[in-house]
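Spelled out, the chains give:
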Amino acid sequence: MKAVRFHRHGGPEVLQYEEAPDPEPSSDEALVRVKACALNHLDIWARNGLPKVAIQMPHISGSDITGIVEWVPPEEKVFRAGDEVIVNPGMGCGRCDRCLSGRDDQCSDYKIIGYGTDGGYAELVRARRTNLILKPRGMTFEEAASFPLVFETAYHMLVTKARAGPGDTVLVLAANSGVGIAAVQIAKLLGARVIATAGDAEKAEGARRLGADYTVDHYKQNVLKEVKELTGDRGVDVVVEHVGKATWEGSIKALAKGGRLVTCGATTGADAVTDLRYIFSRELSVYGSYMAGLGELLKVVKLFDQGRLKAVVDSVFPLERAGEAQERMERSRHFGKIVLKV
Ligand SMILES: [Zn+2]
């Protein structure tokens, strides 16, 4: 098969479109012919290399995969060759207490497809049979590839962790990012009022189209000051954090008494400073969030099927131009997901 692989860490130039061996699925697995695969920041971290994370080389990135089932073992009863599917990007062991309690994201053996295994920057991918989900019929492969990882993450953050609801004000940072776009939509669906930050007027307009009630330009305006003004000095009930060091201090200070901060990433750096006085005196809660359980992803799929959430695709690149696609993501030029068409 053709695949985009890297044999060493580095910039986009290490990505090579080349011939690779076809994946060989086990009897637990299915073989999927990839139609589309969305990019995530994870792909860039894997390519650059992270301390203490061993990426097996050569590596094929890509966690958000849609495609057509190419092969399943004869004992598979639910899916057949030819079915159009989404591949659940998260993989627990399926047997431990965490997995069996629906918290597969906390499994000690948890892996993300395309990060802990080979992924979807390829014509074929193997995936556990229990990771297959029927693609909603009204969605294209590109649209369906654009949502699983970020929307399940935002769902886990807002519904499961921060328990946002009607009457809450939610601050969503970097609303143009994948998680941001998902968080704005899910917070609105939950009945919350949404303040979104965005890096320019066009992105702010995009966030408002998705339902954000207010937008703040995080380059030109002081986010904390604007939040205080918009909330009558009270602060917000929930902050959706994924930016890290550059915004952390402001995110803590933007919270109202009893507020909840939930974080799923640290794109600008992990060594952020927390003023603990805010945590105890305002009785704040800080939640970590990493992916989601399969049950949560199935709920998200249902919401897309019902048309209550909207896929936002920024751009589509052919597989062989994966390097260019990653450069677009690294420059933060995008609004929505960048998708590879295979
Ligand atoms: Zn497990």
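In case you missed it, the structure is sitting above this.
Residues numbered from 1 in each chain as written. Predicted model: local features only at pLDDT ≥ 70, side-chain atom pairs only at ≥ 80, totals over all residues. Heavy atoms only, no water.

So, on to the pattern of salt bridges. Tallied over the full model, the rule gives 20 salt bridges. Linking Lys188 and Asp213 is a salt bridge whose minimum nitrogen-to-oxygen distance equals 3.0 Å. Placement of Lys188 in helix H5 (residues 178-189) and of Asp213 in the loop between helix H6 (201-209) and strand S12 (214-217) is noted, with a sequence separation of 25 residues between them. A residue is classified by how much of its surface remains accessible, and Asp213, at 34% relative accessible area, is partly exposed. Residues Arg209 and Glu205 are paired through a salt bridge, measuring 3.8 Å at the closest nitrogen-oxygen approach. (Salt bridge = Lys/Arg side-chain N within 4 Å of Asp/Glu carboxyl O. Helix = DSSP H or I, 4+ residues; strand = E, 2+ residues; numbered from the N terminus. Buried < 20%, exposed > 50% of the residue type's maximum accessible area, 1.4 Å probe, protein only.)

As a further point, take the sheet that holds strand S14 (residues 255-263). Across the sheet, six strands lie side by side as S12-S11-S10-S13-S14-S15; this open sheet has parallel pairing. Each edge of the open sheet carries a strand with a single partner, namely S12 and strand S15 (285-288). Taken over all neighbouring pairs, the strand axes of this sheet differ in orientation by 20° on average, direction set aside. Note: strand S10 (residues 169-172) against strand S13 (residues 236-241), three bridges, orientation parallel. Bridge pairing links Leu171 to Val239 in S13. Contacting S10, S13, S14 and S15, helix H4 (residues 148-161) runs over the sheet at an angle of about 150° to S13. (Pairing = 2+ DSSP bridges. Axes fitted to C-alpha atoms, helices over the stretch in contact; angles between N-to-C directions. Contact = heavy atoms within 4.5 Å.)

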